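# Results of the structural survey
Chain by chain, the residues run as shown.
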Amino acid sequence: MSRTGTFPEEVEARLALDAKEIIARYPHSRSALLPLLHLVQAEEGYVSSAGIAFCAEQLDLTKAEVTAVATFYTMYKRRPAGQYHVGVCTNTLCAVMGGDEIFESLKEHLGVGNDEVTEDGKVSLEHVECNAACDFAPVVMVNWEFFDNQTPESAKQLVDDLRLGKDVKPSRGPESVCTWKQAARLLAGFADDRATEGPQAAGPSLVGLELARKRGWAAPDPDNLPTAPAADEGEGGTK
Amino acid sequence: MSSDTETTLTPVLSENWDRPDSFTLRGYRETGGYEALRKALTMEPDGLVDLVKASGLRGRGGAGFPTGMKWGFLPKDNPKPRYLVVNADESEPGTCKDIPLMLANPHVLLEGIAISAYAVKSSLAFIYVRGEVLHVIRRLKHAVAEAYNAGLLGKNIQGTGFDLDVVVHAGAGAYICGEETALLDSLEGYRGQPRLKPPFPAVAGLYASPTVVNNVESIASVPSIVTNGVEWFTAMGTEKSAGFGFFSLSGHVTNPGQYEAPLGITLRELLDMAGGIRAGHELKFWTPGGSSTPIFTDEHLDTPLDFESVGAAGSMLGTRALQIFDETTCVVRAVGRWIEFYAHESCGKCTPCREGNFWMVQVLERLENGAGTEADLDKLLDICDNLLGRAFCALGDGAASPVISSIQYFRQEYIDHVEQGGCPFDHRKSTVWGGEA
């Protein structure tokens, strides 16, 4: 597809309808560029030169303007990613808690380096930055779903299952992981129907609440507030 | 209240998280959800701005700027449309509160958006959420659809004539987009690079229109203030750091997780609640509010975690992201990894940040591997001197924080690497599975 630099007509026609819907969300059309890049990534698994040309055409931008944006953001891939993109957090906290070992063992197990894809095209591997789940460290993401509290063994099992085509279930996510292309389509703003699957919260997200319940702690009762201290001596203590 | 009173947890935003349907409109309504919006819509918008000002709510995204004051900066005479933009690009290393909040209770954010947009007279709001969290995006979009169907968003909300559209916009992987002006550039479809301020977003923000940019937790705190009042909010926290917030404990603690507590709680109190440092180990260093806040040590266990006290002790409250490291952790490795992050995420717009981080990575790498010299410490501090306060945005300042503070507290550990010609630590011992004492 990308060799010719444009999408086939029927693909272009289909995506143009999606693009129209995306652009309509914004007061200014250029705001649609990030979602449109997600859209073309959903089509091909990466942002090809055809994808760039499509975005430029839809928004009346130059290909250079679109390329400048596409290359700035790490989630847009310029080469095909695997069907399942595995991200291992190696920012400090996760790295210290074992993320470095997980990443090393996956590289060895899969026989690929950072930002490379297995020969069967099933799994690509990348070390990622903090994914806002530090209380579940070490964290692994598959197509941007959370796999919490991983070990080298669990991570190897995970990628084996992915390569064998078995369903894998995220720790905090839907019942199974969608494909890389499906994930990109969701990012473009087209919801799937899986929002109600999976837990509302899990493990560390609940420890504070559970402790408060156990000890009978709560926020103050607005109808029965503690009387303010007679003179706050400015000691800066908690009220 | 006197200091001998026990500080307790105060779940507000997390209060309904143990309901399996907490993320649904029905579940949220059964715990009083959207009652604050009903009340707010009977008030004058300016009265709401005054209410939030009086509450003393300060931005929960790291900088701690008073939320109501930010709203008050919108120029009264500018005829352009006003926008409300929610910063849901949570990416600061260690920070992990907004993501579980949006996963478990997206409606409290939407209710906060509706109230805040009404207060600042905006009819279009955006949630700029980082892209790397698919299920959070699903939950947000699901909640938005539910709210539209229930007449809580859209045209003529609750028959009041107030219109509000909410757009969920997914980012594409760039830490810098958490900086509010970079976020706005990104939302406009450009590379996410910070803008020169002034003008501030309140005057010329999205599409050069008056814009309010607030963090998820800040906006989500608004409904509870509307419902329960200023006195209730200020009954928690300290005089200048009012209210409650998430304290996110991660790392070498027995029970890491989210602890919603009054500002001013201490790490000693939080550790007590979290079962202490993992068995057989002791606290070495920690961040009070993410990797961009200077590290603390066990000297700071009793520092009240409010904006003023943490500042006075030489760091920043930031996002209350308490990353906790025990004595198995090599501080040189930890800092080196953070600087690799800053170098990777530097947008490249300004020289001090782009070049400074690039060179600090090299210097820290050789120090960690035992190939450095003691003069490298002066080199690092010299680079930091050219970074701190000289970069275009706070990313550069943030990068200097772990370097300067780690050299301040652990200079000898850097020198040990030099003298021993390598790292004296066994990294396996700091892992979850390698920590048995």
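Computed from a predicted model, the values in this text were never measured in an experiment. (Residues numbered from 1 in each chain as written. Chains lettered and ligands numbered in written order. Predicted model: local features only at pLDDT ≥ 70, side-chain atom pairs only at ≥ 80, totals over all residues. Heavy atoms only, no water.)

So, about the pattern of salt bridges. Under the counting rule described, the total for this entry stands at 38 salt bridges over all chains. Where Glu15(B) meets Arg213(A), a salt bridge forms, and the shortest distance between an N and an O atom there is 3.2 Å. With Glu15(B) in the segment before α1 (25-30) and Arg213(A) in helix α8 (residues 207-215), this pair bridges two chains. The partly exposed category is assigned to Glu15(B), whose relative accessible area is 34%. (Salt bridge = Lys/Arg side-chain N within 4 Å of Asp/Glu carboxyl O. Helix = DSSP H or I, 4+ residues; strand = E, 2+ residues; numbered from the N terminus. Buried < 20%, exposed > 50% of the residue type's maximum accessible area, 1.4 Å probe, protein only.)

To continue, consider the sheet that holds strand β8 (residues 296-297) of chain B. All names here are of chain B. Reading across from one edge, β6-β5-β9-β7-β8 is the order of the 5 strands in this open sheet, with mixed pairing throughout. The sheet is open, and its two borders are formed by β6 (257-262) and β8, each paired with just one other strand. Note that strand β5 (residues 244-251) and β6 share 6 bridges and pair antiparallel. Looking at the pairing, Phe 246 lines up with Glu 260 of β6. Running over the sheet, helix α13 (residues 331-345) touches β7 (283-287) and β9 (321-326) and is turned about 15 degrees from β7. (Pairing = 2+ DSSP bridges. Contact = heavy atoms within 4.5 Å. Axes fitted to C-alpha atoms, helices over the stretch in contact; angles between N-to-C directions.)

Here the bond from Ala137(A) into Pro138(A) is cis, since omega is -5 degrees, no more than 30 degrees from zero. Tracing the sequence through the fold places Pro138(A) in the loop between β3 (123-128) and β4 (140-142). Following Pro198(B), the chain continues to Pro199(B) via a peptide bond in cis, the omega torsion being 5 degrees.

Further remarks concern the domain arrangement of chain B. Residue and element names in this part refer to chain B. Splitting chain B by domain gives domain 1 (25-234), domain 2 (244-326) and domain 3 (331-429). The gap between the C-alpha centroids of domain 1 and domain 3 is 35 Å. Across the domain 1 to domain 3 interface the summed buried area is about 890 Å²; carbon plus sulfur atoms make up 72%. At the junction of domain 1 with domain 3, the criterion picks out 0 salt bridges. Taken together, the links from domain 1 to domain 3 amount to 3 residue pairs in polar contact (both at pLDDT 80 or more). (Domains from an automatic or database assignment. Buried area = accessible area lost by both parts, 1.4 Å probe. Polar contact = N/O pair within 3.5 Å; in protein donor to acceptor, adjacent residues only side chain to side chain.)

Both the distance between ring centres and the angle between the ring planes are used here to describe each pair of aromatic rings. If you walk through the whole model with that rule in mind, you get 21 aromatic pairs over all chains. Both rings, one in Phe325(B) and one in Trp338(B), keep their centres 6.0 Å apart while their planes meet at 80 degrees; by these two values the pair is edge-to-face. Of the two residues, Phe325(B) sits in strand β9 while Trp338(B) sits in helix α13, which places them 13 residues apart along the sequence. Each of the two residues, Phe325(B) as well as Trp338(B), counts as buried. Taken together, the ring pairs connect Tyr26(A), Tyr83(B), Phe126(B) and Tyr207(B) into an aromatic cluster. (Phe/Tyr/Trp six-rings, centres within 6.5 Å; stacked < 30°, edge-to-face > 60°.)

With that settled, consider the nonpolar core. In terms of nonpolar packing, the biggest core is built from 180 residues, with Tyr73(A), Ile113(B), Phe126(B), Ile127(B), Val129(B) and Leu164(B) touching the most fellow members. Here the element with the most residues in this core is helix α6 (residues 106-120) of chain B; it accounts for 10 residues. Among all residues touching Leu164(B), those that are not within four sequence positions of it are Ile113(B), Ala114(B), Ala117(B), Ser122(B), Ser123(B), Leu124(B), Ala125(B), Tyr148(B), Leu153(B), Gly154(B) and Ile157(B). (Core = buried A, V, L, I, M, F, W, Y, C linked by side-chain atoms within 4.5 Å.)

Summarising the element assignment, Gln258(B) is placed in strand β6. What makes Gln258(B) buried here is its relative accessible area of 2%. Taking the C-alpha atoms as reference points, Gln258(B) and Leu101(B), 157 residues apart in sequence, are found 9.9 Å from one another. Setting aside anything within four residues of it in sequence, one finds Gln258(B) in contact with Asp135(A), Pro204(A), Ser205(A), Val207(A), Gly208(A), Trp17(B), Cys96(B), Lys97(B), Pro100(B), Phe246(B), Phe247(B) and Ser248(B). At 2.8 Å, the side chain of Gln258(B) and the backbone oxygen of Cys96(B) are in polar contact.

What follows is about the sheet that holds strand β1 (residues 83-88) of chain B. Residues and elements named next belong to chain B. Spatial strand order, β3-β2-β1-β4: 4 strands in an open sheet with parallel pairing. Strands at the two margins of the open sheet, each flanked by one partner only, are β3 (165-170) and β4 (211-215). With strand direction ignored, the average angle separating the axes of adjacent strands in the sheet is 20 degrees.

Before going further, it helps to spend a moment on the environment of Ser29(A). Residues and elements named next belong to chain A. In this fold, Ser 29 is placed in the loop between α1 (9-23) and α2 (33-44). A sequence separation of 69 residues divides Ser 29 from Gly 98, and the C-alpha atoms of the two residues are 44 Å apart. Those residues in contact with Ser 29 that lie beyond four places of it in its chain are Ile 23 and Leu 59.

With that settled, consider the confidence of the model for chain A. Looking at chain A, pLDDT values average 94 and 93% of them are 70 or higher. Across residues 230-239 of chain A, confidence stays below pLDDT 50; counting only partners more than four residues off in sequence or on other chains, it has 19 contacts. (pLDDT = per-residue confidence, 0-100.)

Here His169(B) shows up in strand β3. Among the residues examined, His169(B) registers a relative accessible area of 0% and is labelled buried. Within the structure, the side chain of His169(B) is placed 2.7 Å from the side chain of Tyr26(A), a separation counted as a polar contact. In this structure His169(B) touches Tyr26(A), Ser31(A), Leu34(A), Pro35(A), Ile127(B), Tyr128(B), Val129(B), Ser186(B) and Leu187(B), once residues within four positions along its chain are discounted.

A few words now on the interface of chain A and chain B. Counting residues at the interface gives 88 residues for chain A and 100 residues for chain B. Buried surface at the junction of chain A and chain B, both sides included, amounts to about 7600 Å², of which 62% is carbon and sulfur. Where chain A packs against chain B, one counts 6 salt bridges. Notably, a salt bridge pairs Asp100(A) with Arg337(B), separated by 2.8 Å at the nearest N-O pair. At the junction of chain A with chain B, the criterion picks out 38 residue pairs in polar contact (both at pLDDT 80 or more). Going through the elements one at a time, α2, α4 (63-70), α5 (92-110), β5 (145-147), α7 (180-187) and α8 of chain A are the ones with two or more residues in the side of chain A that touches chain B.

Residue and element names in this part refer to chain B. The buried fraction of helix α9 (residues 216-228) amounts to 11 of the 13 residues, a majority that puts the element mostly inside the structure. Of the residues making up α9, those classed as buried are Val 216, Glu 217, Ser 218, Ile 219, Ala 220, Ser 221, Val 222, Pro 223, Ser 224, Ile 225 and Val 226. One side-chain oxygen of the residue at the start of α9 lies 2.8 Å from the amide nitrogen of Glu 217, identifying that residue as Asn 215. Trailing α9 by a residue or two, Gly 229 shows a phi angle of about 95 degrees, which is positive.

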